[in-house]
Structure formats: structure tokens, C-alpha cells
Amino acid sequence: MRLPIAAGLATGAVALTLYPLFKGGLWFGTGLVTLLTITGVGVLASRFTLDRRLVAPVQLVALWLVLTWMFAGDHLWWWILPGRDSAIALWLLLGEGFEDIQRYAAPVPAEEGIALLTAGGIGLIAILVDLFAVRLRRAALAGLPLLALFSVPAAVVNDPIAWPVVVVAALGYIGLLLSDGRERVGQWGRAVLVRRSHRAATTAAPGTYRVDSMPFRLSGKRIGFAAIALAVLLPALMPTLQPDPLFGFGVGNGSGEGGNSITIPNPVAGMRGQLTQQVNATVLTYSDSDRQPHYLRLWSLDEFDGQEWGMTAPRGRPEDRVSEGPLPAPPGLGPSVPVNRVTSRITISEDISRLNFLPLPYPATRIEVEGDWRADRSTLMVFSTREEARGLSFQVVSDLPQPTPELLERAGPPPADIVDRYLEVPATLPREIVELTKEVTRGASSPYAKAVRLQKWFTEDGDFTYSLATRGQSNSALVDFLLRDRTGYCEQFAAAMAIMARVLDIPSRVAIGYTGGRPIEGGFQVGTHDAHAWPELYFQGVGWLRFEPTPSGGLGQGTASPPGYSEPPPVTPDEEDGASPTASASAAPESSAGATDAAAGRRNPRELDPDFGGAPVELDEGTPLAAQIGIGVAVLLLIALIPAAWRAVTRMRRRRSWTSPPAPADVAGSAASASAGAVAAGGRGGGWSAVHAAWAELCDVLYDLGMARQASESPRALARRLTEQYELEPEAAAAVHRIARAEERLRYARTPGREAPRRDDIRRVRRALAATVSRRRRVRAVLAPPSTLRRIRGLGEKILDGFDRLENLRLRRRVPGPAPQGSIDSDRVLTRTGR
């Protein structure tokens, strides 16, 4: 009955990888109940030897019953029996689940239809695994349905799966293979080693021998654990995988040399990965009716949790397919706002991969594109859960707002739904950022004036420097960016302005996409270096408008450009009086050279700075490929030298105990205990612990040099063999005999005596023996000492033995039977068992 349980555990372990697809725990609870039901049926079928051809149909019936009880319980007869009404309810809920899957992007909300699909899918996978592994005894084939289940989150979710979950899933499959192998070795006729002991003799049935499958299971476990460890740890040592795969399983950030394939695991990481590529690979080309460059937005991030900006899962209803007609109306855009209608033809590069959102000018009103693409009503992001944008060519019509400053000055308060979603500020936001925001916009009378003041502070008055060095978006990173170094790239500029806008009660979000690119014949070309982030601010009657706080041109984001409506600063009474509200807020960041900067005055970030090598921009070229390879090689060498370091530490620890013979008081006090085989504990500067330390070091030296002590050799016999076989010089021979006699007397003599190894005995013996072996053996003894490798191997075997003990746990203790007559007492017997 172990094999059905192992099959259920393997399915459950792989099902854990589904966690990125869902919000809440409804899927987990229903999936767990379903899995327990299928596993329970499998266990009962094995217990009562049900025909294997009937097990799968019985499990399917059980799956239908448990799903009906969980999801259509209100339609059961007498709350127990399913009927026509429950079947119809289950079918309708199944259809809702399919619609919800097409409507939502991962992670999907906790809808009953989606939970029904998930539980049913887990149940079907569990039935297939039980069929292959238990009924057909093809455990290896059971990996196919498990692989299909594992591939679902890997294909749907762009973010990496946590490596501990992957390890658990791999262990589940390895456990299934081991359980299958154990039953095969234990039941079928095969030449195996039988271990005979008193316990085996007393627990085995009369006239039978117990087949010991431990060697086979131990080998399988070693292979399995080694494969999992290499799969998880080896990618972490590869220099091109960033972030560290230990904390993001096998997903890189796209940086490094070579290749034009563009993978976007998440908006922010994907953007920076493209900006730091050394090759400016082409992402798309486009042409438009007004022959002007336009920003192309992919994602809209609306949630800030104090650590990073995130995106609410977009919703694409069937009626919001772009092929059905015009897109939903842009939120907040009134009929009185003048617009510039632009028709664009956009062609995505064939080299881009895993892009399920369309880059579009905002706001788009109509799209002609092949495939199932849908628009999110609140953000107008256009996405697909089935299609990819690679190689796609489509036409889009956009109505670009052209508001005047006077119109923006008269903008009214935002509606409640906009306030609730786009004005949320984490309670942990540092007070310094709030005070700085109010200081920068002091004197601005309207939300529009405050927004323009913020943009001008970032691009001119604030003395910011553009740099691709990673800074992050967390509260501490924002404090560093705004109050200290004031150095970052578009991610920091956009995130900081969006947060500061929310502090000023201006609804805001962060958009990520591409700038307009550079002109080419017939249109514009957008490359990876044009990846960009910018804030979008909401004004009632006009809607969402783009602002540009990131410096542009040669000293900033090369193709970035501020929109026309954001450049003319509004004139306020305070400014007419000559007040400069940004004077104090735009002071140079805190540094050790603050006095020098104050004396030199404020520097325009667009001017060349001779003290900064001609430009204020810090270009982060990333780690060169040669350096990455060097780092990887260095890490591998450090790992390879771990056994040598372990051996050195052990030798130093033992060397502290090597001293002169103990004082008479120590000898007298230890004589009684020595006769019983105990060691008289001496202090650090004396005591018979030095004898054992010297003896242990001698045994390790012999093992490292290939002269290992035989198990039957006494200390005296070992010393005699070494002296005669290797023709040691008198001093070395005396040293090895001193070590052997001291160990022998400490073990067996009534009085250990006062003779103990000298401090240089081990060194003299090691040099003498090393001179008798080859240079290769000596180098190995230093760099990869076999004695340390033996200890590491023993530690691994102890860990595997621990798993064996867990496997052998029983709920009830078996009553030992009488010992069979004529039982065999030999340690190992070679036999052949039959079924």
C-alpha cells in the first residue's frame, strides 16, 4: 500500500507549483480534498486487491462525487446523493470557470469555477499517476502527467517559481521512483544480499529470509538527491543568471552579451534588463500619420506596497475583445478636450519572446490585430492569454489628448473609484518624503501646478543625475534617491514622482513601455535601450496624462521627451513676489563634500561637469563577461577547496592538544578510568586527549596517502608495518612507535604511563611517509584529502539513513515471533528469493 500513497504524495508535491496562479487558498483546500479522495481510493483498491482495470473508473466516479459535494452541495438529494440538478449546476460552474480563465490574468481571484477546474485537473492527474505507477507498474511514465502539471505555471506565469517548491516537487517524483524500486526489489526473484542479524532472525517468519533492498535504495537516493542538488545549485554558480536562481528559479534578467532574444519576466526587471544590454536590439518599428514619435505603453502599475510598484491583474471580458469594435472609452477623458487622432502601423520584432501585451500609444481607441486580444477597461492595457506579440503587425488608432494649461488648471476633483485605487499610500512611507514633497510644491495652487513643479524639480532644480546603477523602489531606496545621492534611472524617477503625486492627492500610476525611438526611413525604430518608465497623473475631465521626470538627451534617457502641456510653469503670486519655493528643497544631496558643493553653487545637470570627467552621468556597463567567468571560476575553486580547508581546520584543532606528557597528578587521577577504556581529560595545555588527537591525525595522514590502517591492525602492529614496509629513518620510526605505544597503553593498560607523543612527531612521520609516495598522491592529500571526503560521504549517508528511519516508521509495533530453528547467524548471505 506504500506505492499508492507515494503516488498521491508525488502529485501533491508537484501541485504545489500552482501557487503563483491563484489568489487565496480556495484552490489549495479543494485540491487537497480531491487528492486525498483519489489517493484513498487507490489505497483501498490495493488493500483489497481490486482488479486494476476497475481502479481508474472507480476513481473517476469518486472524483465526480467529491466535486459535486464540494461545488454543487445545494443541489444534492437528501444532501448526499447527486442527481440531475447537481450535474447541471456542476456543468454551469465549469463553464463559468472556463470564462474566468479567459477573463483574468494570473494570479486569478478565488472564484468557484476556477477552483472547480483546478481541483478536477489535480484529480485527473492523480488518477493518471496512480494508473501508471501503481496499476501498470510504470513509475517512470508517471512523470509525464506530473510534468504536464508542472508545465502549467511555468508556461502561464512570467515570474519564476520559488526554488524550494521546485525541490519539493522533484523530491515527490524521486520518492515515487524509490517506492516503486523498493517493491520490485523486495518482491521479485533477484540475486541480492541478505543481511542476517539477531533482529532479522527474530522478526522473520520461520524458514524465510528477509531481502535487504537497502543498497539499491541507497544508490537511488544518492542519484536522486545529487541530481536535485545540481539542478538547484549549479545554475546559481553560472555568472549570467541574474537574479540569483536560488531566489528565483532559473530566470535571468536579460543582461549580458550576445543574443537579441528579449525575455520580460516582469515589467521592472525586464525594463532594466533591456536598458543594460550592450547591444541595442530592435524591439519594433512603426509609422504613424502625423510622422511624430510617440511613447508606447505596455504595462500600467497601480499598486505600491512600500517595496515596489505592482500591477493589478488585468481583466479582459469577452465583449472587450479588440476585434469586436472600438476599445472602451478612456477613463476621465471629456468631450471638450481637443485630441490628435493618430493612426499607427506597428510591427513587432521576430526576436522578442514571451510578450503578451501590445505596445500602444495611450489612449488607443481601435486596434486591427489578429488573435484573441482584449482590453482592460480601467487601464486600456491590451493583452492576451493565448497569443504572443512576436512578429505581429497591427494597426492602431489613438486619440491623444491635447489639453491646454488653462483646462488643466480648472480640473475638478477625481471620482471615488479613482481616489480609492490611485491615491493609496503605504502607512510606512517615510515622513521625510512627505515633508520634501510639500516643500518642493510650496506655493503651487492647483494639482496641475504641483505636477509641473514636481517635473521641473526632477529635471532641472533638484540636481539629479541619470545612472543605470540599480537603486530599487522601496521606502529606503526612495529616501536615498530623493534625499541623499539623487542618482538613478527612469525607474526611480517615475516611482518617486508617482509617490510624491499621491502625497499631494493627485491620482497617479507608473507606466512602463518604450519611448518614441529614433527616426528611420518610413517611420521610427524602437530598441531595447528605449525601454522606459514614466508616471501618469489623472486630471478630471482630461483623464490620464503622461509626465516626464527623467532627464533626457545625451546625459539622460536618450529618446525621452516631456509633453508640451507639462513644460510651461504656471505663474503663482508667490513667484511674482520673487519667492523660490524649491530653493531649499533642491539643495544638493547630503555628502561629505556638501560644503564644497554649496560654495560652487548649484550645477545644471545638463551641463558638463569637469570634476566628473566631463559628464554627470554614471554609465553602468554591467560586469564584463570575462569578469563574470572569472567570478564563476573563483567560486568553483572555493567550493572545490572546502575539503582542504576542513582538513586544515581539523589539523589545527588537533595540534592544540599536542603537548608534553601530563603532570603526575593527571596520571594518578586518570589511572582508574583508563583501565576501563576511558580517556583522562586533560586541560588544553596537557592531558591524555593529546594521545587520541595524535593517533587520529596519524590515521588521517595514512588514509590521505593511501596507506590506510587495516581494521584488524592494532596500534603496535600498524607501527611495525609502517617501519618495515616503508623503511623509515630512526627518528621517524621512533615517532610513529611513540604515537602507537601511547594510544595502545591508553586503551588497554591499567596505568597509561607518562609517555605521550611529542609536538613534532606527527610532522616528522607525515614528511617521512609523504616522501615514499608520488607527487600526485601528495597533491591530492593536500587539495582533496580522502579522509575529509570520507567524512563528508559519511555525513551524507547518515542523512539518508534518517530518511530510511522515517520510511520504516509504523503505527503499531510488531510482536516479534519465535526465532526459527536452524537460523543462520552469518553476517551476509547470498541467496535468491522467489515470489
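Residues numbered from 1 in each chain as written. Predicted model: local features only at pLDDT ≥ 70, side-chain atom pairs only at ≥ 80, totals over all residues. Heavy atoms only, no water.

Caption draft 1: How the structure looks around the overall build of the protein chain. Scanning the protein chain from N- to C-terminus turns up 27 helices and 20 strands. Counting over 835 residues, the protein chain shows a buried share of 46%. A sequence separation of at least 24 residues applies to 74% of the contacts in the protein chain between residues at least 6 apart. Roughly 41,700 Å² of accessible area belongs to the protein chain as shown, and the carbon and sulfur atoms make up 57% of that amount. (Helix = DSSP H or I, 4+ residues; strand = E, 2+ residues; numbered from the N terminus. Buried < 20%, exposed > 50% of the residue type's maximum accessible area, 1.4 Å probe, protein only. Contact = heavy atoms within 4.5 Å. Areas by Shrake-Rupley, 256 points an atom, 1.4 Å probe, with all protein chains shown as cover.)

Caption draft 2: Seen up close, the packing of helix H23 (residues 715–725) against helix H24 (residues 730–748). Orientation of H23 relative to H24, taken along the N-to-C sense of each, is 170°, at an axis distance of 8 Å. By the angle between their directions, the pair H23 and H24 is classed as roughly antiparallel. Across the interface between the two elements, Pro715, Arg716, Ala719, Arg720, Leu722 and Thr723 from H23 touch Ala733, Val736, His737, Ala740, Glu743, Glu744 and Arg747 from H24. Counted by class, the contact of H23 with H24 contains six nonpolar, two polar and five charged residues. (Axes fitted to C-alpha atoms, helices over the stretch in contact; angles between N-to-C directions. Parallel < 35°, antiparallel > 145°, perpendicular 65-115°, else oblique. Nonpolar A, V, L, I, M, F, W, Y, C, P; charged D, E, K, R; others polar.)

Caption draft 3: Structural detail: unusual backbone geometry. The omega torsion across tyrosine 362 and proline 363 is 0°, close enough to zero to call that bond cis. Its place among the elements puts proline 363 in the loop between strand S8 (352–353) and strand S9 (364–368). Phi angles above zero are rare outside glycine, and arginine 137 is one such case at about 55°. The phi angle at arginine 486 is positive, at roughly 50°, despite the residue not being glycine. With respect to the element layout, arginine 486 can be found in the loop between helix H15 (475–484) and strand S14 (487–488).

Caption draft 4: Structural context of the nonpolar core. Ile367, Val382, Phe394, Phe458, Leu482, Phe539 and Phe547 are the most contacted members of the largest nonpolar core, which totals 78 residues. Tallying contributions element by element places helix H16 (residues 490–503) first for this core, with eleven residues. The next biggest cluster of nonpolar side chains, apart from the first, holds 25 residues, and it includes Tyr726, Leu728, Ala733 and Val765. (Core = buried A, V, L, I, M, F, W, Y, C linked by side-chain atoms within 4.5 Å.)

Caption draft 5: Spatial organisation of the sheet that holds strand S18 (residues 531–539). With antiparallel pairing, the four strands of this open sheet are ordered in space as S4-S15-S18-S19. The two strands at the open ends of the sheet, each matched to only one other strand, are strand S4 (296–301) and strand S19 (543–546). Taken over all neighbouring pairs, the strand axes of this sheet differ in orientation by 35° on average, direction set aside. Two elements, strand S15 (residues 508–514) and S18, share seven bridges in a ladder whose sense is antiparallel. Paired with serine 508 across the bridge in S18 is leucine 537. Strands in contact with H16 are S15 and S18; relative to S18, the strand with the most contacts, it is inclined by about 15°. (Pairing = 2+ DSSP bridges.)

Caption draft 6: Representation of a nonpolar patch on the surface within the structure. Side chains of Leu16, Phe28, Leu32, Leu36 and Val168 sit close together on the surface and give an oily, nonpolar patch of about 420 Å² of accessible area. With three residues, the top contributor of residues to the nonpolar patch is helix H2 (residues 26–47). Take leucine 16: it is sitting in the loop between helix H1 (2–15) and H2. The class of leucine 16 is partly exposed, set by a relative accessible area of 33%. (Patch = residues over 30% accessible without salt bridge, like charges linked within 9 Å, V, L, I, M, F, W, Y side chains within 5 Å. Salt bridge = Lys/Arg side-chain N within 4 Å of Asp/Glu carboxyl O.)

Caption draft 7: Highlighting the pattern of salt bridges. Tallied over the full model, the rule gives 31 salt bridges. A salt bridge links lysine 456 to aspartate 461, with the nearest nitrogen and oxygen atoms 3.0 Å apart. Here the salt bridges do not stand alone but share partners, grouping Arg647, Arg651, Arg654, Glu697, Asp700, Asp704, Arg790 and Arg791 into one network.

Caption draft 8: Molecular detail of the sheet that holds strand S7 (residues 339–348). The six strands are arranged S9-S12-S7-S3-S17-S16 in an open sheet whose pairing can be described as antiparallel. Since the sheet does not close on itself, it has two edges, and those belong to S9 and strand S16 (518–520), each with one partner. Across the sheet, the mean angle from the axis of one strand to that of its neighbour is 30°, orientation sign disregarded. In terms of strand pairing, strand S3 (residues 282–288) meets strand S17 (residues 523–527) through four bridges, oriented antiparallel. Of the residues in S17, the one forming a bridge with leucine 284 is valine 526.

Functional significance is not addressed by these values, which are geometric in nature.
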